[in-house]
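Structural characterization, general
Spelled out from the first residue to the last, the chains are:
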Amino acid sequence: MRKALFLLLLFSARPVFAQTAPEGIWQGYDGEWRHVSSQLLALAEATPQEKFSWRPAPGVRSTSEVYMHIAIANFGLLEVTGPKVPADLKEGMEKSVIAKAEVINSLKRSLAAEKQAHLTVTPKDLERKVQIADREATVDGMYLRIIVHANEHMGQLVAYARMSGVVPPWSKKE
């Protein structure tokens, strides 16, 4: 009986899997990075400038602050693996950079820096030990943290967008 139920569920779910998968998913780290990067940029582009100052409650990051947090964290976490933080990245930018074009430029730069750095690492580089905060990690673990962090805030930004009346471009009906 269980086997029959399993087969029924498997075959009834099949049309879901038959759909075209979004670009990048199931294609390893670089594919997943392309996917989250494209979604972050598409959502930022779709968000009107006046929504960049929107925040769900007092004391919570605004939309622009979340994007800048991602950009700054990308550079900061990447620095642990070797590449230096750009000289023009200054303390307080999370709150001071609020213009849509500047926010998107900062985000693009950080996404490109991470992509380029990851393309140059070797399997041996990924095993290298690094120190982060109060613990030891591997370069591979740092890259995993970078992508998890980006996806975590992608979910936050989708919620922000929906609450402020912005529809994520990839979810619009044709």
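You'll find the structure just up there.
Read on for an overview of the structure.

The first and last C-alpha atoms of helix 7 (residues 139-163) sit 36 Å apart over 25 residues, in line with the 36 Å expected at 1.5 Å per residue. For helix 7, the full list of buried residues reads Val139, Met142, Tyr143, Ile146, Ile147, His149, Ala150, His153, Met154, Leu157, Tyr160 and Ala161. Considering only its buried residues, helix 7 is in contact with helix 2 (28-46), helix 3 (63-81), helix 5 (100-120), helix 6 (123-127), strand 1 (129-132) and strand 2 (135-138). Just past helix 7, the residue Gly165 takes up positive phi, approximately 85°.

Relative to the helices and strands, Glu136 resides in strand 2. Once you skip the residues sitting within four places of it in the chain, Glu136 turns out to touch Lys129, Val130 and Gln131.

What follows is about the packing of aromatic side chains. A full pass over the atoms with the stated rule returns four aromatic pairs. Aromatic pair Tyr29 and Trp33: ring centres 6.4 Å apart, planes at 5°, arrangement stacked. Within this pair, Tyr29 and its partner Trp33 are both found in helix 2, separated by four residues, close to a single helical turn. You'll find Tyr29 and Trp33 in the same group, each marked buried. Ring centres of Tyr29 and Tyr143 lie 6.0 Å apart, and the angle between their planes is 85°; this geometry places the pair in the edge-to-face category. One end of the pair, Tyr29, is in helix 2; the other, Tyr143, is in helix 7, and 114 residues separate them in sequence. Both residues of the pair, Tyr29 and Tyr143, belong to the buried class. Following the ring pairs from residue to residue traces out a cluster consisting of Tyr29, Trp33 and Tyr143.

Time to look at helix 3. With 19 residues, helix 3 extends 28 Å between its outermost C-alpha atoms, agreeing within 8% with the 27 Å of an ideal straight helix rising 1.5 Å per residue. Counting buried residues along helix 3, 15 of its 19 residues qualify, which places the element largely inside the surrounding structure. Phi turns positive one or two residues past the end of helix 3, at Gly82, with a value near 145°.

The packing of two helices is summarised by the inter-axis angle and the distance between the axes. It is the contact of helix 2 with helix 7, at a shortest axis distance of 10 Å, that shows an interaxial angle of 30°. Of the possible angle classes, the one that applies to helix 2 and helix 7 is roughly parallel. Two packed elements cross with a definite hand, and for helix 2 against helix 7 that hand is left-handed. Contacts between helix 2 and helix 7 involve Tyr29, Glu32, Trp33, Val36, Gln39, Leu40 and Leu43 on the former and, on the latter, Tyr143, Leu144, Ile146, Ile147, Ala150, Asn151, Met154, Leu157, Val158 and Ala161. Here the residues of the contact of helix 2 with helix 7 are counted per class, giving 14 nonpolar, two polar and one charged.

Packing of helix 2 against helix 3 brings their axes to within 12 Å, and their N-to-C directions diverge by 145°. Handedness of the helix 2/helix 3 crossing: left-handed. From helix 2, Trp33, Leu40, Leu43 and Ala44 reach across to helix 3, where they touch Tyr67, Ile70 and Asn74.

Let us look at the nonpolar core. Soluble, globular proteins show a tendency: their nonpolar side chains are buried together. In terms of nonpolar packing, the biggest core is built from 34 residues, with Trp33, Leu40 and Tyr67 touching the most fellow members. Ranked by residues supplied to this core, first place goes to helix 7 with 10 residues. Excluding anything up to four places from it in sequence, Trp33 contacts Asn74, Leu111, Glu114, Lys115, Ile146, Ile147 and Ala150.

What counts and what doesn't
- Residues numbered from 1 in each chain as written.
- Predicted model: local features only at pLDDT ≥ 70, side-chain atom pairs only at ≥ 80, totals over all residues.
- Heavy atoms only, no water.
- Helix = DSSP H or I, 4+ residues; strand = E, 2+ residues; numbered from the N terminus.
- Expected span 1.5 Å × (residues − 1).
- Buried < 20%, exposed > 50% of the residue type's maximum accessible area, 1.4 Å probe, protein only.
- Contact = heavy atoms within 4.5 Å.
- Phe/Tyr/Trp six-rings, centres within 6.5 Å; stacked < 30°, edge-to-face > 60°.
- Axes fitted to C-alpha atoms, helices over the stretch in contact; angles between N-to-C directions.
- Parallel < 35°, antiparallel > 145°, perpendicular 65-115°, else oblique.
- Left-handed = near helix turned anticlockwise from the far one by under 90°.
- Nonpolar A, V, L, I, M, F, W, Y, C, P; charged D, E, K, R; others polar.
- Core = buried A, V, L, I, M, F, W, Y, C linked by side-chain atoms within 4.5 Å.

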